[in-house]
Amino acid sequence: MAEQIRLEARPKYVSIALTSFQQAITYRITTLTNIALTFIWVFIIYYLWKAAFNEKQMIQGFTWDDMRTYVVLAYGINALIGWRISSNMMQTIRTGEILRDLTRPLNYCGSQLSIATGWAIVEGIISLILTIIVGMVFIGIQTPASVSAGLLFVLAVVLGFFTKALIVFSVSLLTFWTLNGVGISWSREAVINILSGTIIPLTMLPGWLQAVANVAPMRGIVNTPILLYLGKVEGWEAAKLLGLSAAWLVAMIFFANWAWQTAFNRVEIQGG
Amino acid sequence: MTIITATDLSKRFKRARKDPGFKGALKHLVKPVFKEFTAVDSVDFSIEEGESVAYVGPNGAGKSTTVKLLTGILVPTSGEVTVCGIHPFENRQENARNIGVVFGQRTQLWWDIPVIESLRMLGDIYSVPTDQFKRTFDELVDVLELTPLLNVPARQLSLGQRMRCDLAASLMHDPKILYLDEPTIGLDVSVKARFREFIKYMHKERGLTAMLTSHDIGDIQELCPRMIMIDKGQIIYDGAFAEVTRRFGWEQKVLVTLSDDTPAAASAISVSLPAHASAAQDSPTALTVRFDSRLSTSGEIIRDLATSLPIADISIEETSAESIIRNLYEGSLSFSESTNG
């Protein structure tokens, strides 16, 4: 019946995020499979580290308890923005579907972030469940160092999520020129995985790369949240790291919108 | 009141020019050469509020580019475009509130969620006040008979059903102008008829200004008293649609197939034909004769032809609006040369 329509209005970007959430639910099996496959990596990395910690009690400030928690969380957080979000963005550009968004009173970057958020709610819930099952039952990860560490962790994950979404968005704009996103996506994932600390903690990177990674925006995606969770940084240090994440997020908002304006002004929209 | 104006509007694109083959690709990689391509060339027109205008032209003529300039998706290279008093490109979002867009070949509904959710989201995107939203929604559901489709995901709709839902989607915010880009492509006859009824209804009830690009002559004939025709980026006709048939309806064509090769048939026959008729040689065995049906009957023309040429077959081409438009597309008619209508 027509009367069933919701009558109370919602803010536009909230409405887009919730619609995207609904769309993501229809793909729950695919989403579940994708994230579950990611967790195969968790086991591989887990056994590698296990072997390494057979020799030593402590590696670069990490105990074995810290390390296995790190491995599980790193993949769990990184799964919040999966391949689908970036391939969605690229596809709208490649097929000219972007026209749909451009004939609306929307900031394109804003609407893409809303769509990403809708997906991430679903992927986040699945990822959280898997992290708990895999982490608690099989690997035995630690709980947050303290209540405040747990809260700061959540805050850092949110900042990191939007930072990664904006990086993915900006890189996806290259599709305007290349019209093919596979190579771009692979390179982007590789850089993010290394500089965010998903593959190994940043303290274990070679000196020069560490210097870059310590101040790069990707750090806020994985490394900062986990350091907070484990209680490796506290007080003033924690505030500085969160400040860095927040500053990068603001910078990325400006950069992404500038990049979008540049791409939009220069390139024709595909198709008739 | 004038609602859309284009003044000396041009859009040029840079297109990469690649030589064929591997060598060409390599050359392009090292030193790319770009060629300028003019999609819209100094176009002038204005559309009054409440008008329905057909914007037609062959593929690649510049129709879509013009629509993109009007919607603010593309920035004009030169000239000016104003829609509801604002420049679309500089105020894309503000402009978006005044317009609705329907693309026949792509949907604006979200693929996997029920139609009703897409419509509600559009109300949110345009911040439509609750009472207005309810009114518009009820009206569109009623007129387009959407009730059975509302809870179906867009991917499960037939093309005709999808078009009805897309029309509702483009009108949820009660726009002043509706751009329709090939809206009836692929639709069956009855769905087309309903589509046209609906646009007429919206025109009558809301004073909707419509700009329609279509290859379907029926759409134009029924919906648009005015037609703008564009070719190679330039406007070649802007005026009443009925005028087109009136101006060119007198021309008839006789297509002749000759039984022997007669390369000079056209020049040979032109002596015996009346002055208002002209013959063109298409091949050694084919001839097209055009004449003014007000001055001669086709019988007289055929008689003239039959006495001096070895005719194998003859056919007379009708002058429907469709054939006139086709001729204009193919460049065998020109508005400028025909002033004797």
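Everything below is about the structure shown above.
Below or above, wherever it landed, is the structure these notes cover. Everything quoted here is computed from the prediction, not taken from an experiment.

The helix and strand tally for chain A stands at 12 helices and 2 strands. For chain A, the α and β elements follow one another from N to C terminus as α-α-β-β-α-α-α-α-α-α-α-α-α-α. Computed over the C-alpha atoms, the radius of gyration of chain A is 20 Å, within 12% of the 19 Å expected from 2.2 N^0.38 for a compact globule of 272 residues. In terms of overall dimensions, chain A has C-alpha extents of about 65 × 50 × 35 Å along its principal axes. Counting the 272 residues in chain A, one finds 52% classified as buried. Restricting to contacts in chain A with at least 6 residues of sequence separation, those with at least 24 account for 79%. Of the accessible surface of chain A, which amounts to about 12300 Å², a share of 69% is contributed by carbon and sulfur atoms. Distance between charge centroids for chain A: 3 Å, based on 17 positive and 12 negative side chains.

For the rest of this paragraph, the subject is the environment of leucine 241 of chain A. Residue and element names in this part refer to chain A. Here leucine 241 shows up in helix α12 (residues 235-266). Residues leucine 241 and asparagine 214, spaced 27 residues apart in sequence, show a C-alpha to C-alpha distance of 9.6 Å. Setting aside anything within four residues of it in sequence, one finds leucine 241 in contact with Arg219, Thr224, Leu227 and Val233.

All names here are of chain A. Between helix α7 (residues 147-172) and α12, the shortest axis-to-axis distance is 9 Å and the interhelical angle comes to 25°. Classed by the angle they form, the pair α7 and α12 counts as roughly parallel. The chirality of how α7 crosses α12 is left-handed. In contact with Leu152, Leu155, Ala156, Leu159, Phe162, Thr163, Leu166, Ile167, Phe169 and Ser170 of α7, α12 contributes Ala238, Leu242, Ser245, Ala246, Leu249, Met252, Ile253, Phe255, Ala256 and Trp260. Taken together, the residues of the contact of α7 with α12 break down into 17 nonpolar, 3 polar and no charged.

Attention now goes to the packing of aromatic side chains. Scanning all chains against the criterion turns up 15 aromatic pairs over all chains. Measuring from centroid to centroid gives 5.0 Å for tyrosine 46 of chain A and tyrosine 47 of chain A, while their planes differ by 80°, and the two rings are edge-to-face. Ring geometry for phenylalanine 264 of chain A and phenylalanine 89 of chain B: centres 5.5 Å apart, planes at 25°, overall stacked. One end of the pair, phenylalanine 264 of chain A, is in helix α12; the other, phenylalanine 89 of chain B, is in the loop between β4 (78-83) and α3 (92-98), on a second chain. On the basis of relative accessible area, phenylalanine 264 of chain A is assigned to the buried category, the value being 6%. The residue whose ring lies beneath lysine 232 of chain A is phenylalanine 62 of chain A, and the NZ or CZ to ring-centre distance is 5.2 Å. Positioned above the aromatic ring of phenylalanine 133 of chain B is the side chain of arginine 120 of chain B, whose terminal nitrogen or guanidinium carbon lies 4.0 Å from the ring centre.

Before going further, it helps to spend a moment on the pattern of salt bridges. Using the criterion set out here, one finds 22 salt bridges over all chains in the structure. Put simply, arginine 6 of chain A and aspartate 124 of chain B hold a salt bridge, and the shortest N to O gap is 3.0 Å. Placement of arginine 6 of chain A in the segment before α1 (12-26) and of aspartate 124 of chain B in helix α4 (residues 115-125) is noted, with the two residues assigned to different chains. Notably, a salt bridge pairs glutamate 51 of chain B with arginine 226 of chain B, separated by 3.0 Å at the nearest N-O pair. On the criterion of sequence distance, the pair formed by glutamate 51 of chain B in the loop between β2 (33-48) and β3 (52-56) and arginine 226 of chain B in strand β8 (residues 226-231) is long-range, its members being 175 residues apart.

Attention now moves to the interface of chain B and chain A. Facing the 42 residues of chain B at the interface are 37 residues of chain A. Between chain B and chain A, a total of about 3700 Å² is buried, with carbon and sulfur atoms accounting for 58% of that surface. At the surface where chain B touches chain A, the tally comes to 1 salt bridge. On the surface where chain B and chain A come into contact, there are 11 residue pairs in polar contact (both at pLDDT 80 or more). Contributions of two or more residues to the side of chain B that touches chain A are made by β1 (2-17), α2 (63-71), α3, β5 (99-103), α4 and α5 (130-144) of chain B.

Criteria and thresholds
Residues numbered from 1 in each chain as written. Chains lettered and ligands numbered in written order. Predicted model: local features only at pLDDT ≥ 70, side-chain atom pairs only at ≥ 80, totals over all residues. Heavy atoms only, no water. Helix = DSSP H or I, 4+ residues; strand = E, 2+ residues; numbered from the N terminus. Rg over C-alpha atoms; globule rule 2.2 N^0.38 Å. Buried < 20%, exposed > 50% of the residue type's maximum accessible area, 1.4 Å probe, protein only. Contact = heavy atoms within 4.5 Å. Areas by Shrake-Rupley, 256 points an atom, 1.4 Å probe, with all protein chains shown as cover. Lys, Arg positive; Asp, Glu negative; His and termini not counted. Charge placed at Lys NZ, Arg CZ, Asp CG, Glu CD. Axes fitted to C-alpha atoms, helices over the stretch in contact; angles between N-to-C directions. Parallel < 35°, antiparallel > 145°, perpendicular 65-115°, else oblique. Left-handed = near helix turned anticlockwise from the far one by under 90°. Nonpolar A, V, L, I, M, F, W, Y, C, P; charged D, E, K, R; others polar. Phe/Tyr/Trp six-rings, centres within 6.5 Å; stacked < 30°, edge-to-face > 60°. Lys NZ or Arg CZ within 6 Å of the ring centre and 35° of its normal. Salt bridge = Lys/Arg side-chain N within 4 Å of Asp/Glu carboxyl O. Buried area = accessible area lost by both parts, 1.4 Å probe. Polar contact = N/O pair within 3.5 Å; in protein donor to acceptor, adjacent residues only side chain to side chain.

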